[in-house]
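Overview (structure and organization)
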Amino acid sequence: MRRYLIAGNWKMNKLTSEAVALVNELKRSLPAKKNVDVLVCPTYTSLYPVKSVLEGSNILLGAQDVFWKESGAYTSQISPSMLKDVGVTYVIIGHSETRGRFGVPEPDFDETILKHFGESDETVNRKAKAALSAGLIPIICVGETLSERKEGISDGLIAEQVKKALDGISGEDVAKLVFAYEPVWAIGTGETCESDEADRVCHLIRTTIEGLFGSAVCEQVRIQYGGSMKPSNAKDLLAKTNIDGGLIGGASLKAGDFSAIVDAVE
Ligand code: PGA
């Protein structure tokens, strides 16, 4: 039996004092559920203060990215052991907002700048390996843009993202991983992927893993859905066989909404 993982990706939101206030509220409002792991992923600057507040609760701490080197001249980067050091146990890797193919350009923004976040399948793979060897659990994000979906190439592309992310990783480590299916067109847009379709793609991710590592491994991997998950659609999505949780952006910034999503797990 896989445990559900409900994770809040706070993105670039909340000053330290606001982050601390939010987790204090969450500690009060989260429903007690035996089969759910609850995770919050604040900004780097809030990790340490949030960790102090989480002490003694069941809420887990995650980061939004990691670099693959341990230390050295890598200005701006943060290493797996630095995250471990502040109590992080999970790390999001390859979010579409960091990957090179950026699907929702802002009209008043130079898209080439966004491309310079430059995440590729290869850097995702390096980060996943480095995180695993430090004992962190990667949440690897995969998903297609709207134009890729319209072209009918999304299934092949997602399978490719999964394969490349797992290159050179042992079956034992793969079993610990989390994948998040995040259709880029559904992120922060209010547009949700229909639950049957989300379930189908999560199944595709699982069978891709099965093809590489066998069924014992693929049955252990947790696969989340992410993209405008909210209290009103969470129950439907989380009831699906292949959806083991959610990676939640906007709705994770309000304690009431996030708690209601956790509560939607049967
Ligand atoms: P959203 O973001 O819930 O605001 O759509 C999800 C994500 O990007 O992880």
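Look above for the structure.
Attention in this report is confined to the structure presented alongside it. These figures come from a predicted structure and were not determined experimentally.

The next subject is the overall build of the protein. Scanning the protein from N- to C-terminus turns up 12 helices and eight strands. For 266 residues, the compact-globule estimate of 2.2 N^0.38 gives 18 Å, and the C-alpha radius of gyration of the protein, at 17 Å, lies within 12% of that figure. Across the 266 residues of the protein, 51% fall into the buried class. Considering only contacts in the protein between residues 6 or more positions apart, those separated by 24 or more positions represent 72%. Approximately 12,000 Å² of the protein is accessible, and the part contributed by carbon and sulfur atoms is 53%. For the protein, the distance from the average site of its 29 positive side-chain charges to the average site of its 36 negative ones is 4 Å.

Our focus in this paragraph is the state of the cysteines. Two cysteines, two sulfur atoms, one covalent bond between them: this is a disulfide. What the rule picks out here adds up to zero disulfides. Among the cysteines around C41, which has no disulfide bond, C141 carries the closest sulfur, lying 9.5 Å off.

Close to the ligand lie 13 residues, the nearest being K11, H95, E182, G188 and S228. Protein contacts shield 95% of the accessible area of the ligand, which totals 280 Å² for the unbound molecule. Across the shell around the ligand, the residue classes tally to four nonpolar, seven polar and two charged.

Next up on the list: unusual backbone geometry. A negative phi holds for most residues other than glycine; trans holds for most peptide bonds. Positive phi outside glycine occurs at K11, with the angle close to 50°. With respect to the helices and strands, the residue K11 is situated in the loop between β1 (4-9) and α1 (16-29). For S76, which is not glycine, the phi dihedral falls at a positive 90°. Tracing the backbone shows S76 in the loop between β3 (60-63) and α3 (80-85).

In this structure, V40, F179, I209 and L238 are the most contacted members of the largest nonpolar core, which totals 69 residues. When residues of this core are assigned to their parent elements, the largest contribution, six residues, is made by helix α9 (residues 195-213). Not counting residues up to four positions away in its chain, the partners in contact with L238 are Y4, I6, M229, I243, G245, G246, I261, A264 and V265. Counting 11 residues, the second largest nonpolar core, distinct from the first, contains L5, Y90, C141 and L247.

With that settled, the discussion passes to the packing of α1 against helix α2 (residues 44-54). At their nearest, the axes of α1 and α2 sit 9 Å apart, and the two run at 30° to each other. Compared by their axis directions, α1 and α2 come out roughly parallel. Seen along the crossing, α1 lies across α2 with a hand that is right-handed. Contacts from T16, A19, V20, V23, N24 and K27 in α1 reach T45, S46, P49, V50, V53 and L54 in α2. Residue composition of the contact of α1 with α2, grouped by class: seven nonpolar, four polar and one charged.

Another point: the packing of aromatic side chains. Aromatic ring pairs are described here by two measures, namely the spacing of the ring centres and the angle between the planes. Tallied over the full model, the rule gives three aromatic pairs. Note on F67 and W68: the rings are 4.4 Å apart at their centroids and 35° apart in plane angle, and the pair reads as tilted. The exposure class assigned to W68 is partly exposed, which follows from its relative accessible area of 24%. Aromatic ring contacts, followed pair by pair, group F67, W68 and Y74 into a single cluster.

Calculation criteria
- Residues numbered from 1 in each chain as written.
- Predicted model: local features only at pLDDT ≥ 70, side-chain atom pairs only at ≥ 80, totals over all residues.
- Heavy atoms only, no water.
- Helix = DSSP H or I, 4+ residues; strand = E, 2+ residues; numbered from the N terminus.
- Rg over C-alpha atoms; globule rule 2.2 N^0.38 Å.
- Buried < 20%, exposed > 50% of the residue type's maximum accessible area, 1.4 Å probe, protein only.
- Contact = heavy atoms within 4.5 Å.
- Areas by Shrake-Rupley, 256 points an atom, 1.4 Å probe, with all protein chains shown as cover.
- Lys, Arg positive; Asp, Glu negative; His and termini not counted.
- Charge placed at Lys NZ, Arg CZ, Asp CG, Glu CD.
- Disulfide = S-S within 2.5 Å.
- Near = heavy atom within 4 Å.
- Nonpolar A, V, L, I, M, F, W, Y, C, P; charged D, E, K, R; others polar.
- Core = buried A, V, L, I, M, F, W, Y, C linked by side-chain atoms within 4.5 Å.
- Axes fitted to C-alpha atoms, helices over the stretch in contact; angles between N-to-C directions.
- Parallel < 35°, antiparallel > 145°, perpendicular 65-115°, else oblique.
- Left-handed = near helix turned anticlockwise from the far one by under 90°.
- Phe/Tyr/Trp six-rings, centres within 6.5 Å; stacked < 30°, edge-to-face > 60°.

Read these as spatial facts, not as claims about activity.
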